[in-house]
Amino acid sequence: MHDASPTRRTPPAPTTERRSKFNLNRAEVVDRNFVEFVRGFPAPSPSAMRRGPHEPIVAGCGLTCRDAVELFESQIVARHQDIESRAMRARNEGFYTIGSAGHEGNAVLGRLTRHNDMAFVHYRSGAFMAERARQVPGSDFTRDTMLSFAASAEEPIAGGRHKVWGSVELSVPPQTSTIASHLPKAVGAALSLRRAHRLGVDCGRPGDSIIVCSFGDASVNHAVAQTAFNAAAWATYQRLPVPVLFVCEDNGIGISVPTPPGWVQASMSCRPGIAYFQGDGLDLVEAYDVARRAVEHCRTLQGPVFLHLRTVRILAHAGSDVETEYHTWEEIEAAEARDPLLATARLLMSEQVLAPDEVLELYEGVRTRVREAAAHAARTPKLASAAEIMAPLAPLTPEAVAAEARRRVEPAERLRVFGGPENLPEAGALRHMAALINAGLHDLLIKYPEAMLFGEDVAKKGGVYHVTTGLSAKFGVGRVFNTLLDETTILGTAIGAGHVGLLPMPEIQYLAYYHNAEDQIRGEACSLQFFSKNQYRNPMVIRIAGWAYQKGFGGHFHNDNSIAALRDVPGLVIATPARGDDAVKMMRTCMALAKADGRVVAFIEPIALYMTRDLYEPKDGKWSFAYPAPGEAIDFGEGAVYSFASEVLPPAPPPSAGGPATGATSASRAEDLTILTFANGLYMSLRAAKTLKERHGIVARVVDLRWLSPLNEGFILEQSRATRRVLVVDEGRRSGGVSEAIVSLVHEHCGGEVTARRLTALDTYIPLGPAADHVLPGEGDVVREARSLCQRE
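Residues numbered from 1 in each chain as written. Predicted model: local features only at pLDDT ≥ 70, side-chain atom pairs only at ≥ 80, totals over all residues. Heavy atoms only, no water.

With respect to the pattern of salt bridges
Reasoning step 1: Taken as a whole and assessed by the stated rule, the structure comprises 46 salt bridges.
Reasoning step 2: Note that Glu-84 is salt-bridged to Arg-371, the shortest N-O span being 3.9 Å. Residue Glu-84 is located in helix 3 (residues 65–90), and its partner Arg-371 is located in helix 13 (residues 356–379); the two are separated by 287 residues in the primary sequence.
Reasoning step 3: Of the charged contacts, one joins Asp-208 and Arg-114 as a salt bridge, the two residues approaching to 2.7 Å between their closest N and O atoms. Of the two residues, Asp-208 is situated in the loop between helix 7 (183–198) and strand 4 (211–216) and Arg-114 in the loop between helix 4 (107–112) and strand 1 (119–120); the sequence distance between them amounts to 94 residues.
Reasoning step 4: Residue classification places Asp-208 among the partly exposed positions, given a relative accessible area of 29%.
Reasoning step 5: Among the ionic contacts, a cluster of salt bridges with common partners joins Asp-67, Glu-70, Glu-73, Arg-111, Glu-131, Arg-134 and Arg-369. (Salt bridge = Lys/Arg side-chain N within 4 Å of Asp/Glu carboxyl O. Helix = DSSP H or I, 4+ residues; strand = E, 2+ residues; numbered from the N terminus. Buried < 20%, exposed > 50% of the residue type's maximum accessible area, 1.4 Å probe, protein only.)

Now the structure itself:
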């Protein structure tokens, strides 16, 4: 460690009064320690020569005296923000007290990286942010941070929704109190930078940009962190560029659990493909030097780097953390004695860069600025309504989405990709869903040059069900590629790709596998627009093969039928087609939602219907459909109504559409009940409706919802009131399935006017083989429940 002074001074010993009780404000103690230390430091002799601003502060070091003073100022800014945040909390003017005290050495990274190097940072990054803000004229980091502490509606990035480190100008997407969940998207962004440049996508970053990602030592142990490290190493092992700078700020403890000494180094120093650098984050000279080498390595070689900075945690985990429950007073005071601000002040005074009175002038000047900003923030308005809070959660511009979904591309490229007019999919025969989706994906990759499709087995193999066959050969491995077998990496890659201007279409091979990585969507992807006031977006359409009813293959992983975890995610769009032509038209709208509004969409494809061609009778071909020509789309929220009141059985002629303002289907006779359903439920309900009509004289209206979140409530109520009897056929589990929301909606708005009933799967895992029929709703069950609802034997 660099020692700036031959006569090291330590803070004054703790007094008995300071030991007496823990509720003495430790921030005040740390503050007082600093002031007393500087006041007690020997003043320079009158004959001492002042150092020039451009001289290296220590011989052989790249850090100049001016650099050191500015970095010190950023460290002070972060410290006073921590101190004032606790004072604000005591006055009930602030609402966040997790601070950066002890981690102020990360200011060197704010200086050594560029303001357009995207940075995903953790919650102890105050000094990093303060120093990076210096690169952007007009930034007022202190004001913005105090507004954030105060949960002010005027705070520029999150608008009072959470205390986050984030800024558009500084290329810092907002992060809340994440524990490693931001690492996969950092790797994803690094993997996608070169692809974006090769595809001609303007990502707003130079070709040698890097991605910065910081976290604590405890986070290294998290499964999501290990996923990110593994993905970065896996990619660079294949000579793919992965310019990600992992910054581990190691203070030796995770809240109250100590990290074994030497563990981070032992765990990370020998990772294949990841360069390892370590240094003392408490020593400004050493931290600057090692960070400079790490940044240069990452930028020059475009490979992953793990920068391990030793730090110390001061002022406990947060203001509410009673540290004496797990640390002795001696341990607490020993940590405070290692304060990096003391070390930097000692360096500047010992090297005669600043005199003690100048250090105090700088320190107190920052204190005044922070306090003034805090006082202003306390007077600013807060979020005052649910509508205001939720405004950026799920942006929707229906006209723009509809126009984008129907936007056509120049025909020449389609002719080139498909191989001539005779090979255009709309010129071909009726086809099953898998073939239609495959053609639809070809068209989407033509329409969106920035689109990428990736996942397990999607390239040469063409997917487990051959839905992506031929795409990699047509569009290249830069746009259609296999990933390692890890859903967290798949979704993290999608988030990162969205951040750099790409339009990702990740594939999750089976619905059950989504649960392996659910927090990448709930905690990261779908929260981004909410916590950035829609200033950041990570658009994507997640294709998920799902639902049950596979024959001859299945079990609870490959026949999973639960979407409760998806439905729980605020802002997530859930779409699920039942027919191949619908699938194509809905995909166009899903991509338009992502493109126009930055939305995250889960597109669930029913596996059991991929290859289905017939509906009522073998070889009737009634579940094979023509390819929708470009320009055709199904609007967001639009359902479909199949009436059995006429003599012609659905699905021919085509069903009428039902949207937010459309009326019910005209029919030749009154219908007895409405069956609300989706995906496999539509297929079995149409078959059941034929039986009901022909054998029992019951005329059904079968409604395909298509969009499961958000539900089109107006459409559902309209269809329910049309017959006043509703059977919801939900292939999902009884608990947590979409039928819960539908029946609640009908009861709340229709009362006794409509009788509603549910038919669902049971709350169990799905067994293998024919046993699955005992726990899933079947065609006979639909007939039975419909007859009971209509009170006919």
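With respect to the nonpolar core
Reasoning step 1: In terms of nonpolar packing, the biggest core is built from 173 residues, with Phe-229, Phe-246, Phe-306 and Ile-521 touching the most fellow members.
Reasoning step 2: With residues up to four places along the chain from it excluded, the contact list for Phe-306 reads Phe-215, Val-220, Phe-229, Phe-246, Cys-248, Val-264, Met-268, Ile-274, Ala-275, Tyr-276 and Phe-277.
Reasoning step 3: Among the nonpolar cores identified, the runner-up in size contains 85 residues, and Val-30, Ile-98, Ala-275 and Leu-362 belong to it. (Core = buried A, V, L, I, M, F, W, Y, C linked by side-chain atoms within 4.5 Å. Contact = heavy atoms within 4.5 Å.)

Side note on the confidence of the model for the chain
Detailed conclusions should not be drawn from predicted coordinates in areas where pLDDT is low.
Reasoning step 1: Looking at the chain as a whole, the pLDDT averages 92, with 94% of positions reaching at least 70.
Reasoning step 2: Scored below 50 in pLDDT, residues 1–24 makes 51 contacts in the model with residues more than four places away or belonging to other chains.
Reasoning step 3: For residues 658–668, every residue scores under 50 in pLDDT, and the model assigns this stretch 24 contacts once sequence neighbours within four places are set aside. (pLDDT = per-residue confidence, 0-100.)

Regarding unusual backbone geometry
Reasoning step 1: In this model, Ser-709 is joined to Pro-710 through a cis peptide bond whose omega is -5°.
Reasoning step 2: Within the element layout of this structure, Pro-710 appears in the loop between strand 20 (707–709) and helix 26 (713–723).
Reasoning step 3: Residue Ala-151 is not a glycine yet carries a positive backbone phi of 55°.
Reasoning step 4: Note on placement: Ala-151 falls in the loop between helix 6 (141–149) and strand 2 (165–167).
Reasoning step 5: Even without a glycine there, the phi angle at Asp-457 is positive, about 70°.
Reasoning step 6: Here Asp-457 is to be found in the loop between strand 10 (451–455) and helix 18 (471–475).

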